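Here's the letter readout for the chains.
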Amino acid sequence: MIGKITKGHRMIGLIQYLAGPGRANEHTDMHVVCSSELIASVSDGMELNAGNTMALGHEMNHPKKVYHPNNHQRAQVFHVSLSLDPTQGIKDDDFWDTMVREYLHGMEMDGADGKPPMRWTAIRHGVSSNGNDHVHIAVSMIREDGTWWNTNRDFAKSSATLRAMEKKHGLRVLAQGVKTQGYAEGELQSVARRRAMAKHTREANQTAGMVPWSMLDRDSREHLIAEQSRIEQPRYDIALKVRAAGAGARSEAEYVRRLRGNGLLVRPYFAKGGTEIVAGYSVALRPVEGERPIWYGGGTLAKDLSLPALRAGWPVDSAAEAVPEWAAAAKNRRFATPDTSVVSGVQLREYFNELDSYMKTLGQTNVNDPAAYAQIARQGAGLFSAWAVAAGAEGEASAKELAEAARLFARHAELSEKPVRAVTPPSAVYADLCTHHAIGISRRAGAVAVVRAWANMGTKLGGAFQAKGWAQRSAVLTTDLRQRLDTVHDTYRIINPLPARTGAQVPAKGGTAVLTARPDTARRASSREEQMDALEARLRAAGVDEKAIAARMFAEQQNNTTAGPPPRGRTPQGPRPIGNTPRTKDRGPERGI
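Residues numbered from 1 in each chain as written. Predicted model: local features only at pLDDT ≥ 70, side-chain atom pairs only at ≥ 80, totals over all residues. Heavy atoms only, no water.

K.L.:
Outline the pairing of strand β7 (residues 278-285), listing residues and values.
P.N.:
Among the eight residues in β7, seven count as buried, and that is most of the element. As paired strands, strand β6 (residues 264-270) and β7 are joined by seven bridges and run antiparallel to one another. The residue of β7 that forms the bridge with Arg267 is Ser282. Taken together, the two bridges between β7 and strand β8 (residues 296-297) define a ladder with antiparallel strand orientation. The partner of Ser282 across the bridge, within β8, is Gly297. (Buried < 20%, exposed > 50% of the residue type's maximum accessible area, 1.4 Å probe, protein only. Helix = DSSP H or I, 4+ residues; strand = E, 2+ residues; numbered from the N terminus. Pairing = 2+ DSSP bridges.)

Rendered as structure tokens:
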């Protein structure tokens, strides 16, 4: 159930609008559902006309006229419309009578809290233009003794009341589903101001006669701040690196080392009474231009990046073993234990089989289990965060697309409510694939298949969220995500160094490139199976390692079963452009989805 709240000063005008024809004559059967005991001009179920509408308006406005007739600064009209999803049909007045009274009770407007009552009335006038059955409630925020109703946290109280009503009456829980961390208004502006001041101060200290920051006029300051405001929201970059570190870490100590290896400053928070138990942490980018670090707690970046959430996937004794690493990070010293987390190789066939199992499991997941879908999204976000960090370090153009794909998954990794969280420790294959060394191997042997499979998974995931109404804008998982991963997919197919056709140069066992001959009598393979056999024979003849051959063959199978042949007339000359897709400005509990 959606509750839309507005506040104002004109009670009589509001009642006349609710009882009138509407802006486009959309109001029909305008009538009162129920009213407070203080209202005498109308009764429950009464149709509204010009006469009783005006009388109702004056009755509702009576507390303002008596106690605060000249106070035009403070709003005294509370107006909320309660509406159902169109799929829930049309209800009768008895249903809405119950909903109105329960809502007013939850908002402490019905006098049940022992305070003087407030005047209210509920009016219906047909469904909305979108087909939503709804009711309007008008309330005077001035009590019968002249005191004001307390508006503290009224929007939050309204949301909590509606969620409780939905569960009680079996209505669709519209707020359940994905939720991402909100961003404080002006955060980017604050960062830009600090960087502009630090940069100008640094230059002023090095240049004789340069005016210091404190003596600059307002226009000059705003100009310097505007130059710095083009920087990206810093917490985006931090969250990407933090998620990347968590995706490949098998223990808490390894996680701390990976955080520092990704170029982050790390600061632990110890429990009261000593330095033996780490209760939380914060991270920051290394400062530039002389400004001070800007710290972000793991849980403020995303709920699934808080230390308790991360610990759910690590061994129980991992926290105690990580204390030396936390202490070293706090003092910016070298690692307490040498980092031995880099793997020697990855059996991609095993990972692909596991990924195929994921795809099948996704289709069988209970549609009423948002926690399971959130876990799948977390793993996709972790994988592509790790790939984006590695690609960015190598200067690849794909880094940006991988980072955006990670963010799209991450936006579906948190839940507005807190059901029992599905926590399954990631497999060793998944953890290996999230390491920098394994990423390099996967690009050569089959990253194209990994990207394609996760693009398909994102499509199914977005469809599941949309079907259940867990997120209003989950369509991005079926559109924007696939576009970005398709671009990365095309790029990785181009840079794959293993040859796919006869007549190409392949490395021989001795390391010398050999040009394979193309017999005049050779003909094109009549089927895809023959082409695959020919490719495998060429790779084996060139002395390619058996594991690499197996991974390459599986990647080719994945590409042909998921992507199909490329369109006619298209040559793989570079990444497929996405187009100018503006970044969504995020607001509210579902920001950026």
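After that view, the rundown keeps rolling.
K.L.:
Report on the pattern of salt bridges, specifying residues and quantitative values.
P.N.:
According to the stated counting rule, one finds 18 salt bridges in the structure shown. The partner of Asp237 in a salt bridge is Lys241, and the shortest N-O contact between them spans 3.9 Å. Separated by four residues within a single helix, Asp237 and Lys241 lie in helix α8 (residues 234-248), roughly one turn from each other. Note on Asp237: relative accessible area 29%, which makes it partly exposed. For Lys241, a relative accessible area of 18% puts it in the buried group. (Salt bridge = Lys/Arg side-chain N within 4 Å of Asp/Glu carboxyl O.)

K.L.:
Give me the packing of aromatic side chains: which residues, what numbers.
P.N.:
Under the criterion given, the structure shown has nine aromatic pairs. Ring geometry for Tyr255 and Trp314: centres 5.3 Å apart, planes at 45°, overall tilted. Pair noted here: Tyr255 is in helix α9 (residues 252-261) and Trp314 is in the loop between α11 (307-311) and α12 (318-321), with a separation of 59 residues, a long-range link. Neither Tyr255 nor Trp314 differs from the other in exposure class; each is buried. Their ring planes at 85° and their centres at 6.4 Å tell us that Phe384 and Trp454 sit as a pair that is edge-to-face. Highlighted residues: Phe384 in helix α15 (residues 370-393) and Trp454 in helix α19 (residues 447-468), separated in sequence by 70 residues. Here the two residues Phe384 and Trp454 agree in accessibility, since each one is buried. Over the aromatic face of Phe95 sits the side chain of Lys91, whose NZ or CZ is 5.5 Å from the ring centroid. (Phe/Tyr/Trp six-rings, centres within 6.5 Å; stacked < 30°, edge-to-face > 60°. Lys NZ or Arg CZ within 6 Å of the ring centre and 35° of its normal.)

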